[in-house]
Amino acid sequence: MFGESQVFLSPQSAIESLFGASLTGIAYSLFAGQPLTILGSTGPVLVFEKILYKFCKDYELSYLSLRTSIGLWTSFLCILLVATDASSLVCYITRFTEEAFAALICIIFIYEALEKLFHLRKTYPFNMHNDLDRLTSYSCVCSEPLDPSNETLELWMTHNKSADSISWANLTVRECKTYNGVFLGSACSDKGPYFPDVLFWCVILFFTTFFLSSFLKQFKTKRYFPTKVRSTISDFAVFLTIVIMVVIDYLVGVPSPKLQVPEKFEPTRSDRGWLIDPLGPNPWWTLIVAAVPSLLCTILIFMDQQITAVIINRKEHKLKKGCGYHLDLLMVGIMLGICSIMGLPWFVAATVLSISHVNSLKVESECSAPGEQPKFLGIREQRVTGLMIFVLMGMSVFMTSVLKVRNSFCCIAL
């Protein structure tokens, strides 16, 4: 989730994701018809927001304001679908549709994770033509630009600086970029000094996190430890993996990418607040035109929500309580409007998280005969686990100093 929010370069980041998830999740867990469903940022919605962000950037529109307009239209359309009994269309969702949609979501997340991994190659470049015998002669220093542009000259005047008053050789990498300096030397790339360790260490974290998580998830079928211990390790495989990899990353000390969070509970960017104007600096007609992309967004959210709900409500899960498709979509629509006004990410039923949640609540028979497989009895249907997940997530908003230690790449890998 955090990795997804970092894509937008901080209009919405870790704080907004945690707060939005907690706010939406608590309301959904208390009032939804199927509380076993876990809400999250899903692949199709993420792709939609990335396209919207790029569109706003290309046409110089306010992203948060246009997104708020689209979100309010989408919220209205979702409530309209509830009022017109559109959720009854789930009867046409087949097992093939469920599997195809779940596969699409998995492909999107895998692609996004690999895309971020390849993007680090540009952010943290390394020298591919090292001469090991000449490492002692490599250097990278900041120097004055030979032909500074008018923008650079205006920047220096803003800081009450001139080319002669700046001690170029003593500037840090960030300061050199601030003053539009030029990096010179055999240890420099076009964008700054080479980073010999960060990319490769992130690749190690990426794949080790994935394989360790897969191994622990299958630990239930191993021959080590008692059955209860194996089941516990398998249920908490993802959590244990993240903790282990974060500790390893902390002990190794390589400056891998970390979450960017503020020191206190406030929006990540200082130029925005907790309430977003749907119009903002955008032209007035964007309020009306926003209805067009909201149709696509509504389709994505409807499909995401209802297909996940159908998967959770399968007959083989032996659920005793009703489905509540209308009530679920109503809660998602209402909270989507609230999140839009507050500039928070949109949350809808997350297929992978919901399936994992249901699997963790399975009730099996106690086996006494050696070699006998336990029988599946049903699911513990309650609201406590979902509620506590999002309550704890909300409490983590006030633990920003701890979040800075967590390695965001573990989140991306999972």
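Before going into details, it helps to say that this report is about the structure given with it. (Residues numbered from 1 in each chain as written. Predicted model: local features only at pLDDT ≥ 70, side-chain atom pairs only at ≥ 80, totals over all residues. Heavy atoms only, no water.)

**Some words on the overall build of the chain**
Stage number 1. Broken down by element type, the chain carries 17 helices and six strands.
Stage number 2. With respect to the principal axes defined by its C-alpha atoms, the chain has extents near 80 × 60 × 35 Å.
Stage number 3. Looking at the 414 residues of the chain, the share that counts as buried comes to 45%.
Stage number 4. When contacts within the chain are restricted to residue pairs at least 6 apart in sequence, long-range pairs at least 24 apart make up 78% of them.
Stage number 5. Carbon and sulfur atoms make up 66% of the accessible area of the chain, which totals about 22800 Å².
Stage number 6. One finds the centroid of the 34 positive side-chain charges in the chain at a distance of 10 Å from the centroid of its 33 negative side-chain charges. (Helix = DSSP H or I, 4+ residues; strand = E, 2+ residues; numbered from the N terminus. Buried < 20%, exposed > 50% of the residue type's maximum accessible area, 1.4 Å probe, protein only. Contact = heavy atoms within 4.5 Å. Areas by Shrake-Rupley, 256 points an atom, 1.4 Å probe, with all protein chains shown as cover. Lys, Arg positive; Asp, Glu negative; His and termini not counted. Charge placed at Lys NZ, Arg CZ, Asp CG, Glu CD.)

**Observations concerning the nonpolar core**
Stage number 1. In terms of nonpolar packing, the biggest core is built from 41 residues, with Leu66, Ile70, Ile301 and Trp346 touching the most fellow members.
Stage number 2. Among the elements that make up this core, the one with the highest residue count is helix H13 (residues 325-342) (seven residues).
Stage number 3. Apart from residues lying up to four places away in sequence, Ile70 is in contact with Phe48, Leu52, Ala290, Pro293, Ser294 and Trp346. (Core = buried A, V, L, I, M, F, W, Y, C linked by side-chain atoms within 4.5 Å.)

**Here we look at the packing of aromatic side chains**
Stage number 1. Taken as a whole and judged by the stated rule, the model has eight aromatic pairs.
Stage number 2. Note on Phe19 and Trp274: the rings are 5.4 Å apart at their centroids and 70° apart in plane angle, and the pair reads as edge-to-face. Taken together, the residues span a long stretch of sequence, with Phe19 in helix H2 (residues 14-31) and Trp274 in the loop between helix H10 (237-252) and helix H11 (286-289) at a distance of 255 residues.
Stage number 3. When the centroid spacing of 5.2 Å and the interplanar angle of 85° are considered together, the rings of Tyr53 and Tyr63 count as edge-to-face. In this pair, Tyr53 sits in helix H3 (residues 43-58) while Tyr63 sits in helix H4 (residues 63-83), placing the two residues 10 residues apart along the sequence.
Stage number 4. In this structure Tyr63 comes out as buried when scored by relative accessible area, which is 6%.
Stage number 5. One Lys or Arg, Arg67, reaches over the ring of Trp346 and ends 4.3 Å from the middle of that ring. (Phe/Tyr/Trp six-rings, centres within 6.5 Å; stacked < 30°, edge-to-face > 60°. Lys NZ or Arg CZ within 6 Å of the ring centre and 35° of its normal.)

**With respect to helix H14 (residues 351-360)**
Residues three or four positions apart in an α-helix share a direction because the helix packs 3.6 residues into each turn.
Stage number 1. Taken together, the buried positions of H14 are Thr351, Ser354, His357 and Val358. Angular distribution of buried residues about the axis of H14 spans 130°; they occupy a single face of the element. (Arc of directions from axis to C-beta.)

**So, the pattern of salt bridges**
Stage number 1. The tally for this structure, following the rule as stated, stands at six salt bridges.
Stage number 2. We note a salt bridge from Arg95 to Glu316, for which the minimum N-O separation is 3.3 Å. Separated by 221 residues along the polypeptide, Arg95 in helix H5 (residues 95-123) and Glu316 in the loop between helix H12 (291-312) and H13 bring together distant segments of the chain.
Stage number 3. The exposure class assigned to Arg95 is partly exposed, which follows from its relative accessible area of 45%.
Stage number 4. Classification of Glu316 by relative accessible area gives partly exposed; the value is 39%.
Stage number 5. Measuring nitrogen to oxygen at the nearest pair gives 3.3 Å for the salt bridge that ties Arg314 to Glu99. Taken as a pair, Arg314 in the loop between H12 and H13 and Glu99 in helix H5 lie far apart in primary sequence, 215 residues in all.
Stage number 6. Each of the salt bridges in this network shares a partner with another, and the network as a whole consists of Arg95, Glu99, Arg314 and Glu316. (Salt bridge = Lys/Arg side-chain N within 4 Å of Asp/Glu carboxyl O.)

**A look at the environment of Leu117**
Stage number 1. Among the secondary structure elements, Leu117 is positioned in helix H5.
Stage number 2. Exposure remark for Leu117: the relative accessible area of 8% places this residue in the buried category.

**A short note on unusual backbone geometry**
Stage number 1. We note that Glu60 has phi near 55°; this positive angle belongs to a residue other than glycine.
Stage number 2. If you trace the backbone, Glu60 turns up in the loop between H3 and H4.
Stage number 3. Residues other than glycine seldom take positive phi values, yet Asp85 does so here, at roughly 60°.
Stage number 4. For Asp85, the location among the structural elements is in the loop between H4 and H5.
Stage number 5. Among the residues examined, Asp85 registers a relative accessible area of 40% and is labelled partly exposed.

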